[in-house]
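Examination of the molecular architecture
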Amino acid sequence: MKERPAKPKKQPVTIPGVKSASAAQTIFFPRSIKELLTLYNKNPGSIIFAGGTGIMMNRRSERERGGAGGRPVISLKRVQDLTKVVRRERFLEIGAAVPLSRLASIGSRIVPKTLYNAIINYGYYGTRNLATLGGLICSPWDYSEIITILYALDAQLEIRSIAHTGWILISGLKKADGESILSENEILTRVRIPYGSWNRSYSRVFGMDGSSTYPGAIFSGFARIEKESIEDIRLSFGGIGNRVIRERNIEMTLQGKKIPLTEKDLSLIESQITDLLDGFYKPKDIKETGVLATPASINPVESYRASALKRIMLWFLNNLEYPDYLGQIGGLQNRQSKLYF
Amino acid sequence: MVKTEVALKLNGKNIKLKAPVWKNLLDVLREDLGLVGTRGSQGAGNCGLCLVLKNGKTVDACSIPFFELMDTEIVTIEGINLIKEFPDRSLIISEVLKNTVSYRSNSIIMAVKGLFLEKTFPGDDDIKYALSGILSPVDDSNGIIQGVKKLVNMRSRRRR
Amino acid sequence: MINFVSDIYPEGTLYGITVRSPISKGRIVSIKIPKLPKGYFVVSADSIPGSRTINTHPKTCIARPWLAEGNVNYKGEAVLLMAGPDRNTLSYLSMKVSIKYKKEKAILNTVNAETVEEYLCRTAIRRRGNIDSAFKNAYQIVEEEYSTGAQRQFHEEPQAAVSVWNGTRLLIISNTQDPFGVQLAVSEMLRLPKKKIRVLVPPVERAESELLKYAGDEREAEVNSNVETICFNPGFNGRLMDSVVVAGHSALLSFVTGKPVRMVYSAEEDFMYAAKRYPVIARYKTALDEGGIPKAIKAEIVMDAGAYTDGAEEIFERILTMAAGSYGFPNAEITGKLVKTDRIPFGVSVGSGTPQAFLGIELHSARLAEISQLDPYIWKKKFLIENKGILPSGARLPDYKGAEFVLDSVVEKSDFRRKYAAYETLKKRRTALSDTAGPLRGIGLGLCFQGMNNDKDNDPRKYSLRMKLARDENIIVYSTFQNLELMRAVVLSAAGNKLGLKNVNVSAAGIDTDTVPDTGPAKPLIESVLIPRLVNECISAVQKKRFNSPLPIEVKKVHRIPAVLKKQIDTKTATTFSSVSWAAVVTEVELDPLSFEVLIRGVWVAVDGFMGGGTDISAGENSRCIKATERGVRQDIVIGLNLAAGRGIKFESGGIIEKNIIQNRGYMGILPYIDISFVKNEMHSEKNTGFVRTGVHGLSVAAVAPAYVSAVSQATGFYPNHLPVTPLTIQEYLESS
């Protein structure tokens, strides 16, 4: 979770340094967004603490070495404004510190069904009660079905600092190398998920184990089909090199096409997607594409993911005319397997 | 190491504790308080072994740093019977775990208790929702699910 | 509340950690230890007063040292031990220790080790018939190679031990399967008489008060008198040699520091350095005649023991015995090589070598069946061992008929023959996988047996059970048996039946070397045979005493080698296995053509090992025992599927990578529909094998893996020869073809 400081409530828990002043660590518990922003402004670079599921994993070694280096911590547990969920006519608005379990309890009538399924299959009971949507979005690992779906749905993020407020698309949150664009006093406060009138939706996690915290690879596809032609389509790919990939150009190519798609269309798309995914593997392409190849990118696991993603995407495109069929196949297997571990 | 003091309610008692800021609740419980019923295994948020109730919700003790405990109410397996609501620990052990104890059982007990605190009459989906990812491949998953269903029936009979 | 070892934090305890070698092979040149704060200790091999190697397996080729001195032989080998009151400071200090090594060339895989003489620990050869002429006259020769990789042992509590030395006695609390092995090894290491060492194994209800006593404290620790439950499942896997090492290390630290020492591996440490299943390569060459009838087999087994071979010899022997499976090849030559490599020492896992032995031969037999155009069931039935059950390796199976019974049962229940034929047709019709006219399905059949070693060497350790009917009519059992679930089921059913006690509270006293006799390491297979036998004897003895003596009544029964086996041993006609149990497994799978993930549609198992709790138990109560046993079979299936389809352990530059632990959590797929049936085999009898009941635990593992792989093979059309088979390997194959 990514958020920032607020004014200390009357008495912040301040820990005097045990050995030296630099070891002192301040922890703030702001009560409102305003307080939070003020605090963060005064203490840029603070650790924003929400659910803890990501940060505690990351901090483990640091703790074991005996301390967290003295960066101030801003805990979001008391900021009520960040835990609101509001349903509007055209979108669902979710506070950044809303735990996933809240979204699960709201149900699939309000949360888009595909997203809902991804949420109830994320981690397990204890994790879902802690992990927050904002935390998931801001974490350095874009490695879950939830994020992949949010990319496809063009979720918007409200970014605030003491000076300004603005909305960005989720795809704009991170640079090509995976680093966040937020500056040291900016914080994610709300997430907006547009209700699109999709009449085809499909999401599939697959790979070598059933744990959705570490899936093999993820495909999410949404489409609106009217009168046997593609009005709008979204395709996003997750689990590759830790990033979610979505390519607007490919979607544009498909828009307006009649279904079923012709062989020619499909092979064009296939070559486009091959280029796109391969871009993630070939280090020589880094400069051209601006995409960072991860160290693991040239191993067989990654190439398995890439070619399976391609197959699944083509299958999705091939079956756009059968909405019921899309609902049945795939995904199911993974979902069931979650019962064990 | 930077230590801090927090006040919290643990198993029904108000206490004050001092510990390193980033020490996780799991280690605090086991090493500082001797409450060893909460167990852990690998890293944070992976194995589902360390469930406790925080403000009535099932959470992973390994993902909660010490400072977050300020003003919270924590219930561990040792204090689970202080929550009077159905079902109590021995009932879960006999009906769900069939009187078999393994390294993971305490976690399963916490998950079941948390489920019943959240939903009065959990349905099949709720049960799966609560137990998925918590059972290990060697657990008798079907038996456990049946056991929870039995508890739901018992509760509804009592209500009637 | 019942404690596990890792739940015990004695007052004033020090934490113990291991400083490990970062290289695979080399000489230790120098060790530099930083200045330690007060209360922190470092221990090296030089601090060991007695034997510096672990002597639980005296006949081993290469014994394992407690701590490396001079040389290191694998990445992660323990070089130093450190202890101190604060874990964080301790791990900080351990990073400051600087050890210099001179690297030597290491051999890091089995195939390379085969060719180097000093890595070849043992060879063996078994012959039957005239192999050369059979091959000379062969119409067709089929040659194949299969390999099983290392596999993780599934235990949730990592290796752990707590030791307390109070100046006169040493208390070790350990989650070992072999408490007396720990006692023996530690007594030799510390030069202490055995009786000065006491080993406790959980459930350690009384651990707290025992610890206080050792600390000279007379306070009574709080003991939870309300023992709600006794069924305690410590997890059998991988608690042999590793637990001896951990217990020994903590004991040594406690001995040197004079304080309690708690040594608990982290999950990552356990994952990287605890023993994994022995990797095995099996090569087969079979001569067929014109009718496709197998005339002769040459099998070559290469087993990798890792850096040290303790315990490997026994498994090696077992694998060789079973190398040609359950089939009666008239001519056979079985050769075996036991090699070492510079990797972690591997270890015994569920099935004790059975899975490695049967995987290859079962897949090979499926291939032979395909070549002779028979369905695998018919092929197996046709070529099963006859000849009074003599295997190609020369061992005789006294109850060999079980094979037929389990095969018939499982094939009928799963409708194997019809499905096999249908999927075979689909397979032949298919030109490419993308040609998804029908679902990609396959079905496979596996057959295996598992034997109880015959007590040829007259093992002095005798299994025994003590039972007490307390004043409140509750039952307490004393033994080293660890399968308390079965114990409880059997006691409950026998008590209900013979003593008329319903809902009696059964509890098990902790395993304690002070109070229970030495019965060797806890082995699931033997326990599942002996528990019902001994419990029934004890209950009968209680029954006799009940009306003429006041409560509490205490009885003890010792297992004696059955008369028939004793006679065999005396007349030197004893077979390798005193009795075997059979399992046949059918697995049906469906392949997702998009992701190549495998969905298991069903697993059918038939075992002939279980005959209920014994003849004295009423049918109604028997169901409890059956449930307990079924649970064991289910676990075996999970382990078998994990072997076949889970992620294997990957070695990178000689070691296991820590972060892979996240992906290596055992089989993750759907636990499928599982049908278990127990088949009666008349050949198990007091008269024939000495036992009415044979062991089931760990049995089905060996048949599940080949059944799964043949099913995947039928669905995809490719023949995997290495386990595990993952979507990745399937794709690699399909892309290459």
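As shown above, the structure is provided for reference.
A brief look at the structure comes next. (Residues numbered from 1 in each chain as written. Chains lettered and ligands numbered in written order. Predicted model: local features only at pLDDT ≥ 70, side-chain atom pairs only at ≥ 80, totals over all residues. Heavy atoms only, no water.)

Another point: the nonpolar core. All names here are of chain C. Within the largest apolar cluster, 110 residues are counted, with the highest numbers of intra-cluster contacts made by Met303, Leu397, Leu447, Phe449, Trp582 and Tyr708. Looking at this core, the element that brings in the most residues is helix H17 (residues 701-716), giving ten residues. Counting contributing residues, this core receives three or more from each of domain 1 (5-104 + 154-273) and domain 2 (389-454 + 573-736). (Core = buried A, V, L, I, M, F, W, Y, C linked by side-chain atoms within 4.5 Å. Buried < 20%, exposed > 50% of the residue type's maximum accessible area, 1.4 Å probe, protein only. Helix = DSSP H or I, 4+ residues; strand = E, 2+ residues; numbered from the N terminus. Domains from an automatic or database assignment.)

What follows concerns the sheet that holds strand S20 (residues 506-508) of chain C. Residues and elements named next belong to chain C. Read across the open sheet, the four strands follow the order S20-S19-S18-S22; overall the sheet is mixed. The sheet is open, and its two edges are formed by S20 and strand S22 (553-558), each paired on a single side. The mean angle between the axes of side-by-side strands here comes to 20°, regardless of whether they run parallel or antiparallel. Each of strand S18 (464-469), strand S19 (475-478) and S20 touches helix H13 (residues 484-499); the most contacted strand, S19, lies at about 135° to it. (Pairing = 2+ DSSP bridges. Axes fitted to C-alpha atoms, helices over the stretch in contact; angles between N-to-C directions. Contact = heavy atoms within 4.5 Å.)

Take the sheet that holds strand S2 (residues 13-20) of chain B next. Residue and element names in this part refer to chain B. The strand order across the open sheet formed by five strands is S2-S1-S5-S3-S4, and the pairing between neighbours is mixed. Since the sheet does not close on itself, it has two edges, and those belong to S2 and strand S4 (57-60), each with one partner. Each strand axis lies, on average, 45° off the axis of its neighbour in the sheet, ignoring direction. In terms of strand pairing, strand S1 (residues 3-10) meets S2 through eight bridges, oriented antiparallel. Directly across from Val6, in S2, lies its bridge partner Leu17. On top of the sheet, helix H1 (residues 25-32) reaches S1, S2, strand S3 (51-54) and strand S5 (73-75); it is set at about 105° to S2, its chief contact.

This part is about unusual backbone geometry. Along the chain, A:Ile259 connects to A:Pro260 via a cis peptide bond; the corresponding omega equals -5°. With respect to the helices, strands and loops of the structure, A:Pro260 is situated in the loop between helix H8 (248-254) and helix H9 (263-278). With an omega of -5°, the peptide bond between C:Leu551 and C:Pro552 qualifies as cis. Mapped onto the elements, C:Pro552 comes out in the loop between helix H14 (524-546) and S22. In the Ramachandran plot, C:Gln373 falls in the positive-phi region, its phi being about 55° despite a non-glycine side chain. As for its placement among the helices and strands, C:Gln373 is situated in the loop between helix H9 (354-371) and helix H10 (376-383). Classification of C:Gln373 as exposed rests on a relative accessible area of 73%.

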